[in-house]
There are 4 protein chains.
Amino acid sequence: MAELATVDFNADLGESFGLWRRGADEALMAVISSANVACGFHAGDPAVMRATLETARRRGVAVGAHPGLPDLLGFGRRAMAVSPREVRDYVLYQVGALDAFVRATGLRLHHVKPHGALYTMALDDAHLSRAIVEAIGEYDPQLPLYTLAGSETWHAAEAAGIRPVAVFFADRPLRADGTVIMFDWQRYLQPSPEVVAARVRSLLTEGVVESVEGPPVQVHAETICIHADTPGAAEIGPAVRTAIASAGWQVSGELLAATRG
Amino acid sequence: MAELATVDFNADLGESFGLWRRGADEALMAVISSANVACGFHAGDPAVMRATLETARRRGVAVGAHPGLPDLLGFGRRAMAVSPREVRDYVLYQVGALDAFVRATGLRLHHVKPHGALYTMALDDAHLSRAIVEAIGEYDPQLPLYTLAGSETWHAAEAAGIRPVAVFFADRPLRADGTVIMFDWQRYLQPSPEVVAARVRSLLTEGVVESVEGPPVQVHAETICIHADTPGAAEIGPAVRTAIASAGWQVSGELLAATRG
Amino acid sequence: MAELATVDFNADLGESFGLWRRGADEALMAVISSANVACGFHAGDPAVMRATLETARRRGVAVGAHPGLPDLLGFGRRAMAVSPREVRDYVLYQVGALDAFVRATGLRLHHVKPHGALYTMALDDAHLSRAIVEAIGEYDPQLPLYTLAGSETWHAAEAAGIRPVAVFFADRPLRADGTVIMFDWQRYLQPSPEVVAARVRSLLTEGVVESVEGPPVQVHAETICIHADTPGAAEIGPAVRTAIASAGWQVSGELLAATRG
Amino acid sequence: MAELATVDFNADLGESFGLWRRGADEALMAVISSANVACGFHAGDPAVMRATLETARRRGVAVGAHPGLPDLLGFGRRAMAVSPREVRDYVLYQVGALDAFVRATGLRLHHVKPHGALYTMALDDAHLSRAIVEAIGEYDPQLPLYTLAGSETWHAAEAAGIRPVAVFFADRPLRADGTVIMFDWQRYLQPSPEVVAARVRSLLTEGVVESVEGPPVQVHAETICIHADTPGAAEIGPAVRTAIASAGWQVSGELLAATRG
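For clarity, every value in this text was computed on a predicted model and none was experimentally measured.

## Side note on the nonpolar core
- Residues Ile224(A), Ile224(B), Ile224(C) and Ile224(D) are the most contacted members of the largest nonpolar core, which totals 355 residues.
- Contacts of Ile224(A), omitting those with residues within four sequence positions, involve Val7(A), Asp8(A), Phe9(A), Asn10(A), Phe168(A), Ala170(A), Val200(A), Leu203(A), Leu204(A), Val240(A) and Ile244(A).

This is the structure we're talking about:
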């Protein structure tokens, strides 16, 4: 069925700040269907946000908010002992700020995906997950939430009537138990365009991906993610796009439309 | 006419940050009709914003965005050589962030009032004024803009079809030419509750206010503003409220409704 | 022996930022012998640092650096997953910055005491403790390090030839095992001036302090600390000073002189 | 005389922040004799500062502090209405912080050069210049101050007994009156390695440099500066180094030694 043979392809983008540039945004915008745009806490600033959204509009890429922890120096990748209330308010603030630019650009906010340590801390923490979900519920309960299938964030979204969307990190290694290795991952995976493309093909044709222990692990995913700052991202992106096409799938970012339809 | 005998009474609020408290918010919320709420650049943070809006809702106070320059250390009160594009993006970011909390609190954003150096720089600068107006136009052209009658900001708003609302700073001295003294103003005015109340009464009954040079100066104002961090603000607020009532006027923050009606 | 009857009395100070004021600095400076001065990461700014040191000079109070995590919004009180290298560099940066003002004021840096989450995280973490000690060693190995007797920080200091100074938190509850309760402590202790003074007298006359479980716990301390933002700090300070005197001890901040002598 | 045929060659460096990289530091460190190292207000962070100083030590490059305005988002290049007291305290803070790393690296602080808008604002402003000079005087009056010959900063340094060092910006255009064009300068000068090298040769052999109006202008300079973020800086650096050598001069950063000798 054509409906089933559709997958979203997303990347983290808009991670420059002031005069500092970062990320293969231009190259990735040409191949992805949805972008997670930094909102100013861990990266991004008002000018970067506007420019990123304008590129997304030109490229027809759906745009999501990518809220992070208030840690510019650590790029939002350091766990912090934030309370659920703080998380709820940080997410709401950033989603609102980004959405102002989304609407000014003539677009419509498509999803929310927490960034870095906020994303990983919430996976195992029901309280933080509920806080993220609450912020989305307050802002717009129609917004899907990108997270790991089966995580606490996933369950919190489902419990609140928010649509969770299962993410597969194509450029990060998996353990046999299905968990993703986000720190020190370079010890387990060399994400060349070929390697990442092979993982995507395996997912789309077999429903499984090789684990770091060896045996393939079953993966449930509605969207394939790569990181704009993975070395070689500008080449990995097109390779993934080609892998999706050669597996007979279509790239589409219209999750929101599907949800709302 | 009852219609004419209505005036808005506003104050800058929500200017705490993290563990630091500032401003006579509670006392002022009891007497004002509209609040200008800091948005996180010069003061305020997501938790402060939420708490401030909840108080406003409880008190029935209309809420506006109070965007400032990105200068926490200087409280947004130091002029900066920002470009019109930067100003436009800073205003849009802050209005969007605040409005997320406004809507989560069940309120509706009522107006925009630039803060501190952003406000005063724009008064004489057509480019910066247009930038502020553009951000409002992008976000919601129905939002009134609080500024000085006859300023560049005023003209930019009118030219863009945004409603300008004339502010009278009851706790700041005026020159005979109608301009307001915002820096080093303590040399010219001791804003005791009695003094400020007398100025308000003079405005509402005679249409004039005493200037620092002596002669009264004609003032056009639709909203009366006091600063939450003027010494004695908690006492000045009720005194102004009483002065408005004793002059036979009503306090009302429903400018937006009037605009949209 | 006169030597034994001397104790340092310290407080965290200089925790204002920009226009935001915080802490009973003036009242405490009149009664303490040494101050831990915020260095700009969690609180304090260059102007606040200068003003705080000038007050210390006028009052004859010894001054130490109080470096914290780079988290202004959280006042440095939220644990963060910082690496030992980051901690070493954060401490070195802040000690250097503060010492510039110390010397400009004609004073001499007396000690280092980590602030908030940096302090508590290090107590149990040998790597972070070594990082703090390394920074002190790089800057000036003669500087004593205020910490908890027997903690990892204590051992790291000793191993590196840095003098550890045992702190007793007079306004925080103790468990029977000697550990201090820093979070949610208000459930266990109401730090009225009388209560805190009684704890100090008990320490100085009996060498023990009541634990939250009931039985007294032996405490080793060379310096007594109170927090400038504990409610009632302005009254607690003089009460502690009186308690020290009435126990027959002298207040003196000359640890550094003792070390170097 | 060999003594006379010596010139310092400096560049602004250490302008990365967190995960964001910026500037041709490695390439320039191989050819310059002194570096102006960012101190964390406009760019740089504790880890970047340490790494930059370690490279300088390895390369034998003298290191100066490059303090800027507290404006990370604007890279310290936007004028701000800071008071002389604020400037004095900002400079002292940053010099102290950097010097802690300088000494930890086994180096000795060589000079101070204000960055960006702080540098240019002070050129015409006697009050701000005095504030910068005061901070240097408080910290170490032996530290030379890099600035423009004849500027207010130059005079303030001389008046206070601080040694001013005349900077020639090899990659920025000059007007016939000797002033440097720092903003929108690309309209007047295409700084190819050949063009910049020719300007340096002209300075060293003729004592003059071509102005934007045409006629050569006399230039007094003891140090030649290029910006690490001028496009092509990695190639401009070696070209300047070669130009200095081919003009029969030696590159040396030992101003401080000269001063103190």
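Here the narrative resumes.
## A closer look at the relation of the copies chain A and chain B
- Under the fitted operation, chain A is carried onto chain B by 0.0 Å of movement along the axis and a turn of 180 degrees, and the coordinates agree to an RMSD of 0.0 Å. In the structure described here, the two chain copies are related by an operation that fits a two-fold rotation axis. Nearest to the rotation axis, the C-alpha of Ala97(A) is located 2.1 Å from it, this being the minimum over chain A.
- A shared binding surface is used by both copies, with 100% of the interface residues of chain A retained as interface residues in chain B.

## Re unusual backbone geometry
- Although it is not a glycine, Asp184(C) sits at a positive phi angle of roughly 60 degrees.
- Mapped onto the elements, Asp184(C) comes out in the loop between β6 (164–169) and α7 (193–206).

## Re the confidence of the model for chain A
- For chain A, the mean per-residue pLDDT works out to 94, and 96% of the residues sit at or above 70.
- Taken over the whole predicted complex, pTM reads 0.96, whereas the ipTM for its chain interfaces reads 0.95.

## Remarks on the packing of aromatic side chains
All names here are of chain A.
- Tallied over the full model, the rule gives 26 aromatic pairs over all chains.
- An angle of 85 degrees between the planes, with centres 5.6 Å apart, marks the rings of Tyr119 and Phe169 as edge-to-face. Linking Tyr119 in helix α4 (residues 116–123) with Phe169 in strand β6 (residues 164–169), this pair joins segments that are 50 residues apart in sequence. Of the two residues, Tyr119 and Phe169, neither departs from the other in class, the shared state being buried.

## Here's the deal with helix α4 (residues 116–123) of chain D
- For α4(D), the tally of buried residues reaches seven of eight residues, placing the bulk of the element in the interior.
- Lining the buried residues of α4(D) we find α3 (84–104), α5 (126–139), β5 (145–147), α6 (152–160) and β6 (164–169) of chain D.

## Points about the pairing of strand β4 (residues 109–112) of chain B
Residues and elements named next belong to chain B.
- Of the strand pairs in this sheet, strand β3 (residues 62–66) and β4 are connected by three bridges, and their pairing is parallel. In the sheet register, Ala65 faces β4, and the bridge partner there is Val112.
- Note that the unit made of β3, helix α3 (residues 84–104) and β4 has a crossover that is right-handed.

## Comments concerning the interface of chain A and chain B
- Contacts between chain A and chain B engage 20 residues on the former and 20 residues on the latter.
- Carbon and sulfur atoms make up 62% of the area that chain A and chain B hide from each other, which totals about 1700 Å².
- By the criterion of area lost to chain B, the three top residues of chain A are Pro46(A), Arg50(A) and Tyr93(A), representing 36% of everything that side buries.
- Arg50(B) is the salt-bridge partner of Glu138(A), the closest N and O atoms lying 2.8 Å from each other.
- Summed over the shared surface of chain A and chain B, the result is eight residue pairs in polar contact (both at pLDDT 80 or more).
- Counting residues per element, the side of chain A that touches chain B draws most heavily on helix α3 (residues 84–104) of chain A, which supplies 11 residues.
- Looking at the side of chain A that touches chain B residue by residue, the classes come out as 13 nonpolar, two polar and five charged.

Thresholds, definitions, all that
Residues numbered from 1 in each chain as written. Chains lettered and ligands numbered in written order. Predicted model: local features only at pLDDT ≥ 70, side-chain atom pairs only at ≥ 80, totals over all residues. Heavy atoms only, no water. Core = buried A, V, L, I, M, F, W, Y, C linked by side-chain atoms within 4.5 Å. Buried < 20%, exposed > 50% of the residue type's maximum accessible area, 1.4 Å probe, protein only. Contact = heavy atoms within 4.5 Å. Least-squares fit on C-alpha atoms with pLDDT ≥ 70 in both. Helix = DSSP H or I, 4+ residues; strand = E, 2+ residues; numbered from the N terminus. pLDDT = per-residue confidence, 0-100. Phe/Tyr/Trp six-rings, centres within 6.5 Å; stacked < 30°, edge-to-face > 60°. Pairing = 2+ DSSP bridges. Right-handed = clockwise from strand over helix to strand, strands pointing away. Buried area = accessible area lost by both parts, 1.4 Å probe. Salt bridge = Lys/Arg side-chain N within 4 Å of Asp/Glu carboxyl O. Polar contact = N/O pair within 3.5 Å; in protein donor to acceptor, adjacent residues only side chain to side chain. Nonpolar A, V, L, I, M, F, W, Y, C, P; charged D, E, K, R; others polar.

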